[in-house]
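Fold and geometry: a report
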Amino acid sequence: MTQHFINGRHVAGRSGETMAVLAPATGEEFTRIACGTAEDIDDAVKAARAAYEGAWGRLTAAERGRLIAKLGLKVLDHFDELAKIEAQDTGKPMAQARADIDATARYFEFYGGAADKVHGHIIPFLNGYNVNVIHEPHGVTGHILPWNYPAQMFGRSLTAALAMGNAVVLKPAEEACQTALRLAVLASEVGFPDGAINIVTGRGHEAGAALSAHHGVDFMSFTGSPEVGRMVQHACAEHLIPCTLELGGKSPQIVFDDADFDVAVPIVCKAIVQNTGQTCSAGSRVLVQSHVYDEFMGAVAKEFTKLRAGTPEMDLDCGPVINARQRGRVQSFVDQAREAGIPVIAEGAIAQGVPNGGFYVTPTLFGKVPRGNRLEQEEVFGPVLAAFPFSDEADAIKLANSTEYGLVAAVWTRDGGRQQRVAKKVRAGQVFINGYGAGGGIELPFGGTGKSGHGREKGFAALEEFAVTKTIVHKHG
Ligand code: NAD
């Protein structure tokens, strides 16, 4: 049983209500969390405000950076423990959980080092004036996060806000919040002042809605589905605060006839099965030039057939998906595509011996998927890859930009001119050339356009989001 973490302490929550958390690998309850209410959110926001106006707000940027860096070292000290918690909570294979904790530590290292490097500038203005542009924290930032990469999301979203000097309130996903709670305790142990980091667990429509509507919050950072993102943005509009939305994707991998197939094939497979396809930036569409389609997809199919889903300890290509609802969602896409007669090019398998109650799905590769089909337009958030042929460069760009999303894309070609043309024309916040994903990409600005959201996280770009720019005009004569 876990509690909220408010003002440096575990607290039970005002309502006393709790909810079960199931281990996705077994489907069995392994703990309960407190169900946060508007009153708990209010307590957390007040604690954050007090920290911002008190001990946390008084720290210099260098002091904040040192604390954040110390938390990174603490994460490395607790590496195995955190990886096990993350694997139990999300069901992900241990290798993925370890990679996630490594990336989490990297966020603390990066933003610890970056905290005192957000410099302002001077603008040459009229004679007799000195104009300084400086960057200040918003104050209290609210963070609502999903269940797919809970520890990494803590590192990505909260740490950039903290580096800028904001005090934070987090509402993690109800399905997986154990690493966030642990990280908050580790932060206290390395010396973060009480109230700098607050966590209220519980349901989205209660605790999450209360956080995004709270008038004591100065900025909201939301990562999750477009449907909830819309609600959060509406709530922010009511009290006229800015927000970043990191939403979903339907990211294309565009493979031209001159691509290095040996390099591309395993990466195309990995980009859809990593984290069991529950990655906003999953490469969920593969677009292949028509006259090499059969050859390329034949090689992908060979790899895909080898894919296995199993428990965290089995440490295979995929784990289970997060819950029964998500398994039903993935299955409905697969069933509908089969019923529509879309060919299954290849299937992986669920490993023998997985617990009966676990939420396992079979990795599935469909192609050729008709244009306009659900598999082209909608995010599955599972290990389901959709393949499409295209004729030429113009057709590839049209197909790549055919969805409302715009998060990540990859272009596979040896032609330097085409690499640049396609990278510039494709609608996405990040484009990879002859590669995909970048080991967490802590340093790289990340975010979407259109239905994938707006605002940027990661890198120095996140620090700008979590800051207010102030121009000080001094007439000195
Ligand atoms: P979700 O939108 O259902 O939930 C995300 C968070 O919002 C959870 O903490 C949830 O409790 C909360 N929430 C739910 N209802 C709310 C409400 N009415 N008001 C405020 N908060 C509320 O998403 P999910 O199912 O947890 O995650 C899957 C989605 O997240 C996918 O669409 C995926 O693409 C997206 N995602 C995006 C990124 C990114 O960086 N772009 C990263 C991870 C996941």
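This one's a predicted model, so the numbers in the text were calculated from it and none came from an experiment.

Calculation notes
- Residue numbers restart at each chain and count upward from 1, following the sequence in its written direction.
- In keeping with the predicted nature of the model, local features appear solely for residues at pLDDT of at least 70, side-chain atom pairs appear and are counted solely at 80 or more, and the whole-chain, interface and lining totals rest on all residues.
- Here the side-chain values reflect all heavy atoms present in the structure, with hydrogen atoms and water set aside.
- Segments assigned H or I by DSSP are reported as helices when at least four residues long, segments assigned E as strands when at least two residues long, and all are numbered from the N terminus.
- The globule rule used for comparison is 2.2 Å times the number of residues to the exponent 0.38, while the radius of gyration itself is calculated over C-alpha atoms.
- Any residue under 20% of the maximum accessible area for its type is buried, any over 50% is exposed, and the rest in between are partly exposed; the area is computed with a 1.4 Å probe on protein chains only.
- Whether two residues are in contact is decided by their heavy atoms, any of which lying within 4.5 Å being enough.
- Areas reported here follow the Shrake-Rupley algorithm with a probe of radius 1.4 Å; residue values treat only the protein chains shown as occluding.
- His is not counted, nor are the chain ends, whereas Lys and Arg count as positive and Asp and Glu as negative.
- Think of each charge as sitting on NZ of Lys, CZ of Arg, CG of Asp or CD of Glu.
- Where each domain starts and ends comes from a domain assignment, either automatic or drawn from a database.
- We define buried area as the total accessible area lost by two parts upon association, computed with a 1.4 Å probe and summed across both.
- Throughout this description, the term salt bridge denotes a Lys or Arg side-chain nitrogen within 4 Å of a carboxyl oxygen of Asp or Glu.
- Neighbouring residues are identified by heavy atoms, a residue being near a molecule or strand if any of them is within 4 Å of it.
- In protein, a polar contact means a hydrogen-donor-capable atom and an acceptor-capable atom, both N or O and within 3.5 Å, with residues adjacent in sequence counting only if both atoms are side-chain atoms; elsewhere, any N or O pair within 3.5 Å suffices.
- Think of a 1 Å grid over just the protein atoms. A cavity is a set of points where a 1.4 Å probe fits yet cannot get out, a pocket is an open set with protein on both sides within 12 Å along at least five of seven lines, and lining residues have an atom within 4 Å of a point.
- For this analysis, a molecule is said to be in a pocket or cavity if more than half of its atoms are within 2 Å of the grid points defining it.
- Grid points are joined across faces, edges and corners, and a volume is the space filled by probe spheres set on the points.
- Each residue is assigned to one class: nonpolar for Ala, Val, Leu, Ile, Met, Phe, Trp, Tyr, Cys and Pro, charged for Asp, Glu, Lys and Arg, and polar for all the others, Gly among them.
- Nonpolar cores were defined as sets of buried Ala, Val, Leu, Ile, Met, Phe, Trp, Tyr and Cys residues, with membership established by side-chain atoms within 4.5 Å.
- A pair of strands is treated as paired once DSSP finds two or more bridges between them.
- Only the stretch in contact is used when a helix axis is fitted, and all axes are lines through C-alpha atoms; the angle between N-to-C directions ranges over 0 to 180 degrees.
- UniProt positions are given in the numbering used here, feature names are shortened, and annotations may be inferred rather than shown by experiment.

**Looking at the overall build of the protein chain**
Within the protein chain, the regular secondary structure consists of 16 helices and 22 strands. Taking 477 residues into account, the globule formula puts the C-alpha radius of gyration at 23 Å, and the protein chain, at 23 Å, falls close to it. For the protein chain, the spread of C-alpha atoms along the principal axes amounts to about 70 × 60 × 40 Å. Counting across all 477 residues of the protein chain, residues that qualify as buried make up 57%. A separation of at least 24 residues holds for 74% of the contacts in the protein chain among residues at least 6 apart in sequence. When the accessible surface of the protein chain is summed, it comes to about 18400 Å², and 52% of that surface belongs to carbon and sulfur atoms. Measuring between centres, the 45 positive side-chain charges of the protein chain sit 3 Å from its 53 negative side-chain charges.

**Topic: the domain arrangement of the protein chain**
Examined at the domain level, the protein chain breaks down into domain 1 (4-247) and domain 2 (252-443). The C-alpha-based centres of domain 1 and domain 2 are spaced at 30 Å. Of the residues lining the interface, 27 residues belong to domain 1; the matching set on domain 2 comes to 28 residues. Both sides of the domain 1 and domain 2 interface together cover about 2200 Å² of buried area, and 60% of this is carbon and sulfur. At the boundary of domain 1 and domain 2, one finds two salt bridges. Its salt-bridge partner being R106, residue E443 comes within 2.4 Å of it at the nearest N-O pair.

**Observations regarding the site of the ligand**
K171, E174, S225, L247 and E379 are the nearest of the 29 residues found near the ligand. One nitrogen or oxygen atom from the main chain of E246 is found 3.4 Å from a nitrogen atom belonging to the ligand. Between the ligand and E379 there is a distance of 2.7 Å, counted from an oxygen atom to a side-chain nitrogen or oxygen. Considered on its own, the ligand offers 850 Å² of accessible surface; in the complex 91% of this is hidden by protein. A majority-of-atoms criterion places the ligand in the largest pocket.

**Things to note about the layout of surface pockets**
Taken as a whole, the largest pocket spans an internal volume of roughly 910 Å³. In terms of lining, the largest pocket is formed by 36 residues, of which the most central are F222, G224, S225, V228 and R325. Looking at the lining of the largest pocket, the elements with two or more residues in it are α8 (204-213), β10 (219-223), α9 (226-238) and α12 (324-339). Class assignment for the residues of the lining of the largest pocket results in 16 nonpolar, 10 polar and 10 charged. Counting only domains with at least three residues in the lining of the largest pocket, you end up with domain 1 (4-247) and domain 2 (252-443).

**Observations regarding the side chain of Q278**
Within the secondary structure layout, Q278 lies in the loop between α10 (261-273) and β13 (285-289). Look at Q278 and you get buried, because its relative accessible area is 4%. Separated by 3.0 Å, the side chain of Q278 and the backbone nitrogen of I322 make a polar contact. Those residues in contact with Q278, other than ones at most four positions away along the chain, are W147, N148, Y149, P320, V321, I322, Q326 and F381.

**Let's talk about the nonpolar core**
Core analysis: the largest hydrophobic core is formed by 81 residues, its most contacted members being Y111, F154, F192, I197 and M220. No other element matches helix α5 (residues 94-114), which puts 10 residues into this core. Apart from the residues within four sequence positions on either side, Y111 is in contact with I68, G155, R156, T159, A160, A163, K458, G459, A462 and L463. Within the second largest apolar cluster, 39 residues are counted, among which are A259, C269, L307 and A309.

**Some thoughts on the sheet that holds strand β18 (residues 384-390)**
Taken together, the seven strands give an open sheet; going across it, the order is β15-β17-β18-β13-β12-β19-β20, and neighbouring strands pair in mixed fashion. One side of each edge strand has no neighbouring strand; the edge strands of this open sheet are β15 (344-347) and β20 (430-433). On average, each strand axis in the sheet is tilted by 20 degrees relative to the strand beside it, whichever way the strands run. Lying on the sheet, α10 is in contact with β12 (252-255), β13, β18 and β19 (408-412); it crosses β12 at an angle near 165 degrees. Against the sheet, helix α15 (residues 416-425) contacts β12, β19 and β20, and its axis sits at roughly 165 degrees relative to β20.

**Some remarks on the sheet that holds strand β6 (residues 129-137)**
Ordered by their spatial adjacency, three strands build an open sheet running β5-β6-β22, and the pairing between neighbours is antiparallel. With one partner strand each, in any of the chains shown, β5 (121-123) and β22 (467-475) form the two edges of the open sheet. Strand-to-strand twist in this sheet, taken as the mean axis angle between neighbours without regard to direction, amounts to 30 degrees. Here β6 runs beside β22; their pairing, made up of nine bridges, is antiparallel. Bridge pairing in β22 places N132 opposite I472.

**Side note on the UniProt feature "active site" (unreviewed entry) in the protein chain**
According to UniProt, the "active site" (unreviewed entry) feature falls on E246. Tracing the chain through its elements places E246 in strand β11 (residues 243-246). The class of E246 is buried, set by a relative accessible area of 2%. Among residues more than four places away in sequence, those in contact with E246 are R156, F222, T223, G224, F446, G447, G448, S452, G455, R456 and E457.

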